There are 4 protein chains.
Amino acid sequence: MLEAYLDVRRATERLCEPLEPDDYMLQAMPDVSPTKWHLGHVSWFFETFVLRRYLNGYRPVDDAYQFIFNSYYNAVGPQYYRPARGLLSRPTVAQVYSYRARVDKAMQELLERARPDELAEVGSLIWIGMHHEQQHQELIVTDIKYNLWTNPLRPAYGAVEPRSISPSELRWIEFDGGVYTVGHAGDSFAFDNECPAHQVYLRPFRLASRLVTNGEFREFVEAGGYQDWRFWLADGWNLVQKAGWQAPLYWERRGEQWWVYTMNGMAPLRDEDFVCHLSYYEADAYARWAGARLPTEQEWEVAARLWHQAMVDARTCDAARPERTARGAGALEQMVGLVWQWTRSPYVPYPGFRPWPDGLGEYNGKFMVNQMVLRGASWATPPSHVRLTYRNFFPHDARWQFSGLRLAQDA
Amino acid sequence: MLEAYLDVRRATERLCEPLEPDDYMLQAMPDVSPTKWHLGHVSWFFETFVLRRYLNGYRPVDDAYQFIFNSYYNAVGPQYYRPARGLLSRPTVAQVYSYRARVDKAMQELLERARPDELAEVGSLIWIGMHHEQQHQELIVTDIKYNLWTNPLRPAYGAVEPRSISPSELRWIEFDGGVYTVGHAGDSFAFDNECPAHQVYLRPFRLASRLVTNGEFREFVEAGGYQDWRFWLADGWNLVQKAGWQAPLYWERRGEQWWVYTMNGMAPLRDEDFVCHLSYYEADAYARWAGARLPTEQEWEVAARLWHQAMVDARTCDAARPERTARGAGALEQMVGLVWQWTRSPYVPYPGFRPWPDGLGEYNGKFMVNQMVLRGASWATPPSHVRLTYRNFFPHDARWQFSGLRLAQDA
Amino acid sequence: MLEAYLDVRRATERLCEPLEPDDYMLQAMPDVSPTKWHLGHVSWFFETFVLRRYLNGYRPVDDAYQFIFNSYYNAVGPQYYRPARGLLSRPTVAQVYSYRARVDKAMQELLERARPDELAEVGSLIWIGMHHEQQHQELIVTDIKYNLWTNPLRPAYGAVEPRSISPSELRWIEFDGGVYTVGHAGDSFAFDNECPAHQVYLRPFRLASRLVTNGEFREFVEAGGYQDWRFWLADGWNLVQKAGWQAPLYWERRGEQWWVYTMNGMAPLRDEDFVCHLSYYEADAYARWAGARLPTEQEWEVAARLWHQAMVDARTCDAARPERTARGAGALEQMVGLVWQWTRSPYVPYPGFRPWPDGLGEYNGKFMVNQMVLRGASWATPPSHVRLTYRNFFPHDARWQFSGLRLAQDA
Amino acid sequence: MLEAYLDVRRATERLCEPLEPDDYMLQAMPDVSPTKWHLGHVSWFFETFVLRRYLNGYRPVDDAYQFIFNSYYNAVGPQYYRPARGLLSRPTVAQVYSYRARVDKAMQELLERARPDELAEVGSLIWIGMHHEQQHQELIVTDIKYNLWTNPLRPAYGAVEPRSISPSELRWIEFDGGVYTVGHAGDSFAFDNECPAHQVYLRPFRLASRLVTNGEFREFVEAGGYQDWRFWLADGWNLVQKAGWQAPLYWERRGEQWWVYTMNGMAPLRDEDFVCHLSYYEADAYARWAGARLPTEQEWEVAARLWHQAMVDARTCDAARPERTARGAGALEQMVGLVWQWTRSPYVPYPGFRPWPDGLGEYNGKFMVNQMVLRGASWATPPSHVRLTYRNFFPHDARWQFSGLRLAQDA
């Protein structure tokens, strides 16, 4: 476990290597956090929920960090005002790295010293902390992209975002209606919001074989999609007009050509890539324009499970197929690890949901309102953090995440 | 049909009888509309969707009304700025009543002149218009209550709100899990958002036998419920602090006694009455404090159908009971016609939902985001407007509707 | 004095005759007040500062009026929230007229009953009340114009605004530098802010013989004046861009022709009329564009006194002229009674200024910041309210007053 | 001149020595600028107004700097959005220092290469640039103090603010009324807003012999001054309530003791020090409470000239005193170099004011509205930047400058 812990910690710091010292404090909108704050907060998480509770004699680095690096845990205490995180010049970057080192040393001490029975108790908290830090690894990337983009120089972070190979023709994969099971079961790690596994009744539906591409979305833009109320939810249409949206975030028109801001600076838009940085409203409007709709999160998960089973079957040459299955779930492409896929499902508790105990009950449960579920993980999600039952969630207007879409239809 | 039409129209005007001329133009917040505007808008609805389309030679009263009284129908044209409806001193109240009379006369002409086959075509639009006007009848009442309340004189509208008889002990009614059908089917009138009927899978659940009372909610208030983050969704807790909420809308502390603003002016709070004028956040927080939760709209509808069947059975002495039923759905009380009951269900399209054609597609569909479903109708809902499949919907922070709650639990 | 009092009161009510009942409650922006509120407030002024203090046994009509109709007198007590005056449907218009009648009757009683020595004491307060009501007479007109204009029907109030006869060629009238006296002295009525008379040192200056016309201002508009930062103060330029100003308030471009909203509805713009409804920023920008500047209030008053003297001399054929005078002050035109003329003088206390005693100290003194002085009175100012020492004042961005300008230059 | 130039430039950089790298980008409110931006902007000033115009072959470091470091010069081009200066992680601090070095090298080249007649032409621009940089030296200090203060750790910048020696008893120094001359005349450097020298008529007045102290102001605070509308201008009173002001900026109550944030961190308030960090509204309210008023800028300057003359006379043992003088102007203390002293004079153009030509006309003139004049300079003003005719100006609500007050009275 120590090795896993240190792997996660090192991965976080590797993400900061391309940054200039000046970049660490950027907070270009309240939704994003400065890299420096992310670095401190994930350490605070281990300090607060593990070290203060389980390491005898642990002395916190600085009591003020309890306040400064607390994101939203009322059970832990008051929190520094979120939109002003970019004003925390102190602690300095150097002090935050030193904080990380102190926490790592203490964690090492704890893990080496702990008896197996003690480890059983604290281990689940450490796993949560590691998954928590992985979530922030993705946020470090999405946030720094947004932060650097607001600079008129449009500087490059220096990483290359993945590109599509030439996309296949879109096909519609059909799924039967009936009662299915969704949600997480078993002993492996999952967040509380993925539980419990439960049955749902689905009507027959179709899912697009692949993600929507830049080229397809460009047609919507150029057909006047952002000027036509008919495709939009009322709240979305209001937002489009008020914010003056004309295209996805990071798109920029230069003469006849669309350009797009990437982790590597400005680049011409590639039609064959999957579209990214959409809000829910834009994904929903595109789907309506395309004569389709977004899938529900249940439809997405059912399809993903069947697709996964088909992948496993293919590898194991297992001829015995499950009784009821999608006609061709194995033909699904780009299911995970490219862009998060908006679903039409509001983020609500699963039937029978129980938040984690103690302070960690605030991790997910209190946000189950005013947000939509995204599925499938993005290229910035650490691979060991990807799960078919994973429920990511963001407000309807959020665009700075790596968020795209896959179409669905009633069958 | 003419009789039904005129009944609805007369009912609207009767609601205005207690008003002073000065009251007609009040708009104390953007969400409410002046009574005068309601009176014009419901007439505009018939003019726009019926008379302009189907009455040969119909000459609109004033072309500017097309703009002024259009609520949100982009298909009809641009709309006057909603938050400024209270500034429309012209047309005057007298002119709006004369507009109503002109529309009524034209509707009468249309209905008397129409052949049966024509009636079939236009009839469904007229039904929609009548149900539309009934919705505004309730809004006239909720809006004028809010408008008058903002006056420091706290004037009375002059109607007595219904009161509870001494409430019974709360009992938990149990319902089996399994696949149920919900949603509207058949030829009777329903809004598009109630369709299609479809199957859902429910886990076993319990429903409280009656509504939550003022007395019960007062305990929550006095136990510090509005000062304790543990009971609140994060967005709700932010709102409570920002808006300084300390109790439901219209409650007012005077020394040791709670008072409440009613349609009849200020009155001491009666513990035995059902609590009213809650936002979703408050209903949800109360339920959590009480060790329960809000029902989903599907749970509510399934229970309501069984309750209704039990009522019918009781009246018809039908001994042949459906195979699977609630253990005692007939024991449910206060199911409809007192206060709207918040559910934990976001307002989303039913699987297979199709908006109405033509301009009326904007009636419901484009609002299916950022709102929660309420069920059960209030005392201000016209009785002929009540349906067990009816889906009312309001944003999470709305408190000026007659909105209360009934508790649920996992079984 | 009773006759004078009743004259003022009747004049106020005559201004309301063209109104529909619906118009009385309009408040289209926080700066304006509903006519109904004006009617109540001026009565409250007499009730508060005269009747409550001096009429034995006077019983206020309604104690809540003390709060509702208090504009800004902290010494009297708390005030109803100004931007919500348009929500006061109660007291009704009928009740407010009845309030006026009650106050008038009590004032009559007071004046008839008072002994001469008592009258001396209360008389100055009554004079203040009458001048106060005259100020509100002008505000009733400016406010109702703004209120009706926001209605998409652009209804007419029904009065004809004065027009210029064909304006003369603009001439520059020269004034010597030196020490002058400005400010009010003597026993006649004046507001505290006009006192004391005091000496000022002026450099030689020139004043335009007449007001700026619509035609002249139209040239500025059509020459791109609203798009060129060079003519604007920084705060003005920010406002022009943020508010999207393109022309004076009430101007409207229809094809090739400018139209303007008047008390009588929309009418084509007449080039020969004096320009009106400018903010300070626009008046200042125009002056800079025209190679001139606004006069200071001292320059304006010095010129006005000389002009007035010349008028008197002309009438009395007095050949003995004051030693030092303007070369031709008698040639000044349009000095008073057409539009208020912006000066470049911030509204600050005169040297030696003392606010009125008691509650009336709040009348003027506390507003001596963030406002600019206007001089000369408008056509909506009651003639008996015009004075050459009168200091009107409004914030830099106010446009709904009858505010124009006259140019000045260093000599 | 080169030496003077380099002195100014070095002084700027010395101010940054106590900063951590993280501190350079802080912008805790729109009114302040990050240290990094100040460093770049003052260099941009020389580049824009001197090097681009006069150094043949000068190649700007980066064309984007023209936009990024332009504060408000529309004549130069568009400007980066001021409130977002804190988001400019690029150019980095290192790049900005390298920009400074490049500009210095080019300036050196220009100055060494220029013939005397060329120097005459460019010299006045360079003097302006040096005085401009000195203004920013003070802003660097005021801004970093504000920026660091918003950090919950209240870090110290590391400088000690000057303290009063035990203050003398306050005496009132009397000045005669009459015509005086104020404003700058002669060949020495002055900003355009100090010109032309001109005559003013003053009434007799008194000026306090010294500044108001913390102890005196604390009495006002503890007597409920911030809770009593009677002392405040209406706009000030609104602000006090809305912003919740209870004491000057940086004051903090800890039990019975007042503490204050200084450049060296938190420290107990010293009663004998001069009060600092007041807005105009607070200075004005205190003066009213103390039965006095603020001086006009003319009164201040007249007194300061006489005081200065008295100082010179004392040193030169010149027995021949000017005919008319203050009775004891030499007894004035703390006139310059401690805190800026609010005057009651709005910042308006002097009679006959002419803005500088070319792009520099925007330096002062366009801000002559909505601001008040401060006189006397603070401890953070470079000594060579202090002048008795100097007109500093800030909006009425500004508190982060080193701003205090001296009382005045009518004589």
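Source: prediction; values computed, not measured.

## Some thoughts on the interface of chain D and chain A
Alright, step 1. Contacts between the two partners involve 27 residues from chain D and, on the opposite side, 27 residues from chain A.
Alright, step 2. Counting each side, the surface lost to burial between chain D and chain A is near 2100 Å², with a carbon and sulfur contribution of 62%.
Alright, step 3. In terms of surface lost to chain A, no three residues of chain D exceed Asp22, Leu87 and Arg90 of chain D, which account for 32% of the buried area on that side.
Alright, step 4. In this assembly, chain D and chain A are joined by four salt bridges.
Alright, step 5. Close ionic contact of Arg90 of chain D with Asp23 of chain A constitutes a salt bridge, the shortest N to O distance being 2.6 Å.
Alright, step 6. Counting the contacts that link chain D with chain A gives 10 residue pairs in polar contact (both at pLDDT 80 or more).
Alright, step 7. At three residues, the largest contribution of residues to the side of chain D that touches chain A is made by helix H3 (residues 63-68) of chain D.

## A look at the confidence of the model for chain A
Alright, step 1. Predicted confidence across chain A gives a mean pLDDT of 95, with 97% of residues reaching 70 or more.
Alright, step 2. ipTM for the predicted complex: 0.96, alongside a pTM of 0.96.

## A few points about the side chain of Arg375 of chain A
Alright, step 1. Tracing the backbone shows Arg375 of chain A in strand E9 (residues 372-375).
Alright, step 2. Apart from the residues lying within four places of it in its own chain, the contact partners of Arg375 of chain A are Glu297, Trp300, Glu301, Val339, Trp340, Gln341, Thr343, Tyr350, Leu388, Thr389, Tyr390 and Arg391 of chain A.

## Re the pattern of salt bridges
Alright, step 1. Counting across every chain of the model gives 133 salt bridges over all chains.
Alright, step 2. The partner of Asp284 of chain A in a salt bridge is Arg288 of chain A, and the shortest N-O contact between them spans 3.0 Å. A residue pair is termed a helical-turn pair when its members lie 3 or 4 positions apart in one helix, as Asp284 of chain A and Arg288 of chain A do in helix H8 (residues 280-289) at four residues.
Alright, step 3. In this structure, the salt-bridge partner of Glu252 of chain B is Arg154 of chain B, at a minimum N-O distance of 3.5 Å. Linking Glu252 of chain B in strand E5 (residues 251-254) with Arg154 of chain B in the loop between helix H5 (116-149) and strand E1 (172-175), this pair joins segments that are 98 residues apart in sequence.
Alright, step 4. Residue classification places Arg154 of chain B among the partly exposed positions, given a relative accessible area of 25%.
Alright, step 5. Connected through salt bridges with shared partners, the residues Arg9, Glu13, Arg100, Asp104 and Glu133 of chain A form a single ionic network.

## A closer look at the sheet that holds strand E7 (residues 265-268) of chain D
Residue and element names in this part refer to chain D.
Alright, step 1. One open sheet holds the three strands; their spatial order is E5-E6-E7, and the pairing between them is antiparallel. Taken across any chain shown, the strands that pair with only one partner, and hence form the sheet edges, are strand E5 (251-254) and E7. Strand-to-strand twist of the sheet, defined as the mean angle between neighbouring strand axes without regard to direction, takes the value 35°.
Alright, step 2. The pairing of E5 with strand E6 (residues 257-262) spans four bridges and is antiparallel. Directly across from Trp251, in E6, lies its bridge partner Val260.
Alright, step 3. Sitting on the sheet, helix H6 (residues 214-222) touches E5 and E6, and the angle it makes with E5 is about 65°.

## What about the relation of the copies chain C and chain B?
In summary, the two copies of the chain are related to each other by a rotation about an axis coupled with a shift along it.
Alright, step 1. Its rotation angle being 180°, the transformation that places chain C on chain B also includes 0.0 Å of axial translation and leaves an RMSD of 0.0 Å. Put plainly, the chains are arranged around a two-fold axis. If distances are taken from each C-alpha of chain C to the rotation axis, the shortest is found for Asp22 of chain C, at 3.5 Å.
Alright, step 2. Interface overlap between copies is the fraction of interface residues in one copy that are interface residues in the other; for chain C against chain B it reaches 100%, indicating a shared surface.

## Some details on the pairing of strand E7 (residues 265-268) of chain C
Residues and elements named next belong to chain C.
Alright, step 1. Two strands pair when backbone bridges link them, and strand E6 (residues 257-262) and E7 are joined in this way by four bridges, in the antiparallel orientation. If you follow Thr262 over to E7, its bridge partner there is Gly265.
Alright, step 2. Connecting the antiparallel pair E6 and E7 is a turn made up of two residues.

## Thoughts on the relation of the copies chain D and chain A
Alright, step 1. Mapping chain D onto chain A calls for a screw motion: a turn of 180° about the axis and a shift of 0.0 Å along it, with 0.0 Å RMSD after fitting.
Alright, step 2. The share of interface residues of chain D whose copies in chain A are also at the interface is 100%, consistent with both copies meeting through the same surface.

## Focus on the interface of chain C and chain B
Alright, step 1. Contacts between the two partners involve 27 residues from chain C, matched on the other side by 27 residues from chain B.
Alright, step 2. Both faces combined, the contact of chain C with chain B buries some 2100 Å², and carbon together with sulfur accounts for 62% of it.
Alright, step 3. Along the contact surface separating chain C from chain B lie four salt bridges.
Alright, step 4. Linking Lys36 of chain B and Asp22 of chain C is a salt bridge whose minimum nitrogen-to-oxygen distance equals 3.0 Å.
Alright, step 5. At the surface where chain C touches chain B, the tally comes to 10 residue pairs in polar contact (both at pLDDT 80 or more).
Alright, step 6. Counting residues per element, the side of chain C that touches chain B draws most heavily on helix H3 (residues 63-68) of chain C, which supplies three residues.
Alright, step 7. Its residues placed into classes, the side of chain C that touches chain B shows 16 nonpolar, six polar and five charged.

## What about the environment of Val93 of chain A?
Alright, step 1. Mapped onto the elements of the fold, Val93 of chain A is located in helix H4 (residues 93-113).
Alright, step 2. Sequence-wise, Val93 of chain A and Pro21 of chain A are 72 residues apart; in three dimensions their C-alpha atoms are separated by 7.8 Å.
Alright, step 3. Not counting residues within four places of it along the chain, the set of residues in contact with Val93 of chain A comprises Tyr24 and Lys36 of chain A together with Asp22 of chain D.

Thresholds applied
Residues numbered from 1 in each chain as written. Chains lettered and ligands numbered in written order. Predicted model: local features only at pLDDT ≥ 70, side-chain atom pairs only at ≥ 80, totals over all residues. Heavy atoms only, no water. Contact = heavy atoms within 4.5 Å. Buried area = accessible area lost by both parts, 1.4 Å probe. Salt bridge = Lys/Arg side-chain N within 4 Å of Asp/Glu carboxyl O. Polar contact = N/O pair within 3.5 Å; in protein donor to acceptor, adjacent residues only side chain to side chain. Helix = DSSP H or I, 4+ residues; strand = E, 2+ residues; numbered from the N terminus. pLDDT = per-residue confidence, 0-100. Buried < 20%, exposed > 50% of the residue type's maximum accessible area, 1.4 Å probe, protein only. Pairing = 2+ DSSP bridges. Axes fitted to C-alpha atoms, helices over the stretch in contact; angles between N-to-C directions. Least-squares fit on C-alpha atoms with pLDDT ≥ 70 in both. Nonpolar A, V, L, I, M, F, W, Y, C, P; charged D, E, K, R; others polar.

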